[in-house]
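# Examining the three-dimensional arrangement
Listed below are the residues making up each chain.
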Amino acid sequence: MDINELFKSALKDGEINPPDAVWDKISAKLAQAQSGPNTAESSSHAMASSSKAAFAKGMANVATWKIVSIATAVATTVAAVVVGVMNTDNNFDTGANIPIEETPILAEVDTADFSEMRNLVVADEEVRSDKNAKETNTVEVSENDDTVTYEPLTTEVENSVDDNYYMPAQELKLKEVYTTEEEQLITESVLAEIVEELPEKIDEIQQSEDQFPLLPQTIDDYSAKLEEKFNALLSPTDKLFIPNLITPNNDGINDCFEIRDIEKFSSVYVAIYSRDKKLIYENKKYDNSWCPTDVPDGVYFCCVKVSDEKYRPAWVTVHIKTK
Amino acid sequence: MNQDIQKMIEKCIQGDANSQRALYDKYKARFYALCLRYSSNADEAQDILIEGFFKVFNSLENYRGEGEFEGWMHRIFVNHAITCIHRKRKDVLSQNNEREFDEAILVDNNDRYSSDLKGILLRYLNCLNPKERTIFNMVAIEEYTVVEVAKELNLKKTVVKTYYYRARARMRTMLEENEKELLREYNLYK
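All chains use their own residue numbering, which begins from 1 and follows the written sequence. Each chain takes a letter, starting from A, and each ligand takes a number, starting from 1, following the order in which they are written. This being a predicted model, a pLDDT of at least 70 is required before a residue's local features are given, and a value of 80 or more before pairs of side-chain atoms are given or counted; all residues contribute to the totals for chains, interfaces and linings. Values shown for side chains rest on all heavy atoms present in the structure; no hydrogens or waters enter the calculation.

## Observations regarding the overall build of chain B
- Numbering of helices and strands runs from the N terminus; a helix is a DSSP stretch of H or I covering at least four residues, while a strand is a stretch of E covering at least two. The helix and strand inventory of chain B stands at 10 helices and 0 strands.
- Here chain B holds 190 residues, and the buried ones make up 53% of them.
- Two residues form a contact once any of their heavy atoms are found within 4.5 Å. If you take every contact in chain B between residues at least 6 apart in sequence, the share linking residues at least 24 apart comes to 62%.
- The method behind every accessible area is Shrake-Rupley, applied with a 1.4 Å probe, and residues are considered shielded solely by the protein chains displayed. For chain B, the exposed surface amounts to about 9300 Å²; the carbon and sulfur share of it is 44%. Note on classification: 1.4 Å probe, protein chains only; a residue is buried when its accessible area is under 20% of the maximum for its type, exposed when over 50%, partly exposed between these limits.

Next comes the structure, spelled out in structure tokens:
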């Protein structure tokens, strides 16, 4: 059982009775709302008369601003439509290139706030024109009288539109607050994503196997096949077991340089060199007889060869002095 | 059944106090439980419940009979809970005291809730910080997908995931510290 399931079973669709006082508050609120929304509003705001006047003034300003903005919007769209109708033969622009000064309504309204607002409108137009340019960005190539149009990937266009642009101001502010937090979380979140997606990927593999079932195959089968293939590649010399440590101290354990199963081969060539490239021992028909007691401790290099094949290089550590 | 609710809704729109009371009685327990899950104490939950029901009564005219009435109400309550958290979050951020695990709340809520499984889990859920609690509620209990939650809360998908994992880990440590027997009972203790 998961911790989620524990919570889900206990709390999803769970029922807990609220205290009776809650209904009284709701009914009071409803009664207040029904008796008159105006009184309720004024009581909740509870503004002083002076501040109320200021508020009204502010509202009036906002209202005029809105009217101006609506007027400009209407004007630009109307102009756009007119120009568009006139230029039907050419490429149709959605009003992006029309200079705003030419519209008659705007010429009459000339206030200080207007320049600011015009900047806003211009910015708006630029963004829109960019967007249009992206959307209509098709390349036509004529080949053998056949026109081939390459359309940009729609997903790219969707992604390229800036999400923030369409977000209301309030939400933007909220997001700004979180950016630092998000930065802190980057490493954690990446980890979390990996952990989250692992089981999904395993599921995907499982599903694909369900669709295209493979022949039953155990690891033992597979490793046996691998071993066969590997052995086929090996030469007899490679298969020899050559020790890499001998301790010639006459205790009967690892006293000699003993190559295992050497009797199976007719002739095994062994040559031993010291670290300063001196030949120390050589035998064309080796019979596990090198038990060096007169050489210093250290690493020795040996060349081993079965019949006519290649030499196999190896090394052996000689360690005489026990204790 | 459905027709009863339909009649009740029509009367509520006309302003009949008795049917309003009936509607409230029908759903109060279910949605109080929901509010408790989304808030950090019972008072907060009652506030959400009051405002939520007020919203429901005011926007009954907008219910077009598509889908279940309870689902529609559920949606209103979850949305309202989230806006309440947004409202609260400003204070939390300005004070810069995002708590991780508030012992005081746990002790304070001890007396208010029942001692059964539901009460115990609610107490620990209330101890999480608001963001983690909301996301844990939506993902773990109400089985929203991460994408839906991200859209709802206007956060990135990875951020939602992080909060979810954190909330789960914190819940786990809290339960392991204080409620070993309960975890053993459900074979959750490692």
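Right, picking up where we left off after that structure.
## Here we look at the interface of chain A and chain B
- Taken together, the contact between chain A and chain B spans 39 residues of the former and 52 residues of the latter.
- For Lys8 of chain A, the salt bridge identified is with Glu143 of chain B, shortest N-O distance 3.2 Å.
- Polar contacts, as counted here, are pairs of nitrogen or oxygen atoms within 3.5 Å of one another; within protein the pair requires one atom able to donate a hydrogen and one able to accept it, and residues that are adjacent in sequence qualify only if both atoms are side-chain atoms. Where chain A touches chain B, the interface holds 4 residue pairs in polar contact (both at pLDDT 80 or more).
- Contributions of two or more residues to the side of chain A that touches chain B are made by helix H1 (3-11), helix H2 (21-35) and helix H8 (169-211) of chain A.
- It is H8 of chain A that contributes the most residues to the side of chain A that touches chain B, 13 residues altogether.
- Each residue receives one of three labels: charged for Asp, Glu, Lys and Arg, nonpolar for Ala, Val, Leu, Ile, Met, Phe, Trp, Tyr, Cys and Pro, and polar for the others, Gly being one of them. Across the side of chain A that touches chain B, the residue classes tally to 20 nonpolar, 5 polar and 14 charged. One speaks of a salt bridge when a side-chain nitrogen belonging to Lys or Arg is within 4 Å of a carboxyl oxygen belonging to Asp or Glu.

## Focus on the packing of helix H8 (residues 146-153) of chain B against helix H9 (residues 157-178) of chain B
All names here are of chain B.
- It is at 9 Å that the axes of H8 and H9 come closest, and there the two elements cross at 105°. Taken together, the axis directions place H8 and H9 in an arrangement best described as roughly perpendicular. Along the contact surface, H8 presents Val146, Val147, Val149 and Ala150, while H9 presents Lys157, Val160 and Lys161.
- Considered class by class, the residues forming the contact of H8 with H9 number 5 nonpolar, no polar and 2 charged. Where helices are involved, their axes are fitted lines through C-alpha atoms of the stretch in contact, as for all axes, and angles between N-to-C directions lie from 0 to 180°. To sort the angles, those under 35 degrees are grouped as roughly parallel, those over 145 as roughly antiparallel, those from 65 to 115 as roughly perpendicular, and the leftovers as oblique.

## Observations concerning the confidence of the model for chain B
- Per-residue confidence for chain B averages 80 on the pLDDT scale, and 84% of its residues sit at or above 70.
- Each residue carries a pLDDT score, the predictor's confidence in it, ranging from 0 to 100. Overall, residues 92-98 of chain B carries pLDDT values under 50, and its contacts beyond four positions in sequence, including any with other chains, amount to 8 contacts.

## A look at the pattern of salt bridges
- Summed over all chains, the structure comprises 10 salt bridges over all chains.
- Residues Asp261 of chain A and Lys264 of chain A are paired through a salt bridge, measuring 3.8 Å at the closest nitrogen-oxygen approach.
- On the basis of relative accessible area, Asp261 of chain A is assigned to the partly exposed category, the value being 40%.
- A salt bridge links Glu70 of chain B to Arg30 of chain B, with the shortest nitrogen-to-oxygen separation between them at 2.4 Å. Of this pair, Glu70 of chain B sits in helix H4 (residues 69-95) while Arg30 of chain B is found in helix H2 (residues 17-38), placing the two residues 40 residues apart along the sequence.
- Note on Arg30 of chain B: relative accessible area 14%, which makes it buried.
- The structure contains a network of salt bridges with shared partners spanning Arg21, Asp25 and Lys28 of chain B.

## Description of the pairing of strand S4 (residues 268-273) of chain A
Residues and elements named next belong to chain A.
- Counting buried residues along S4, 5 of its 6 residues qualify, which places the element largely inside the surrounding structure.
- In the sheet, S4 pairs with strand S6 (residues 298-306) via 6 bridges, with the strands oriented antiparallel. Bridge assignment links Ile272 to a residue of S6, and that residue is Cys302. Two strands are counted as paired when DSSP detects at least two bridges linking them.

## Looking at the nonpolar core
- Joining through side-chain atoms within 4.5 Å is the link that ties buried Ala, Val, Leu, Ile, Met, Phe, Trp, Tyr and Cys residues into a set, and such a set is a nonpolar core. If you look at the biggest cluster of nonpolar residues, it comprises 72 residues, and the most contacted ones within it are Phe7 of chain A together with Phe69 and Met171 of chain B.
- Here the bounds of each domain stem from an automatic or database domain assignment. The residue makeup of this core includes at least three contributed by each of domain 1 (1-97) and domain 2 (99-190) of chain B.
- Excluding residues that lie within four positions of it along the chain, Phe69 of chain B makes contacts with Ile5, Ile9, Leu23, Tyr27, Leu60 and Tyr63 of chain B.
- Judged by nonpolar contacts, the second largest core, of 21 residues, contains Phe257, Val268, Ala314 and Val318 of chain A.

## Things to note about the packing of aromatic side chains
Residue and element names in this part refer to chain B.
- Classification of ring pairs rests on two measures: the distance between centres of Phe, Tyr or Trp rings, Trp counted by its six-membered ring, which must be within 6.5 Å, and the angle between planes, read as stacked under 30 degrees, edge-to-face over 60 and tilted in between. Tallied over the entire structure, the rule returns 18 aromatic pairs over all chains.
- Considering the side-chain rings of Tyr24 and Phe53, the 5.1 Å spacing of their centres and the 70° angle between planes classify their relative orientation as edge-to-face. Of this pair, Tyr24 sits in helix H2 while Phe53 is found in helix H3 (residues 42-58), placing the two residues 29 residues apart along the sequence.
- Pairing Tyr63 with Trp72 gives two aromatic rings, centres 5.2 Å apart and planes at 45°, and the pair type is tilted.

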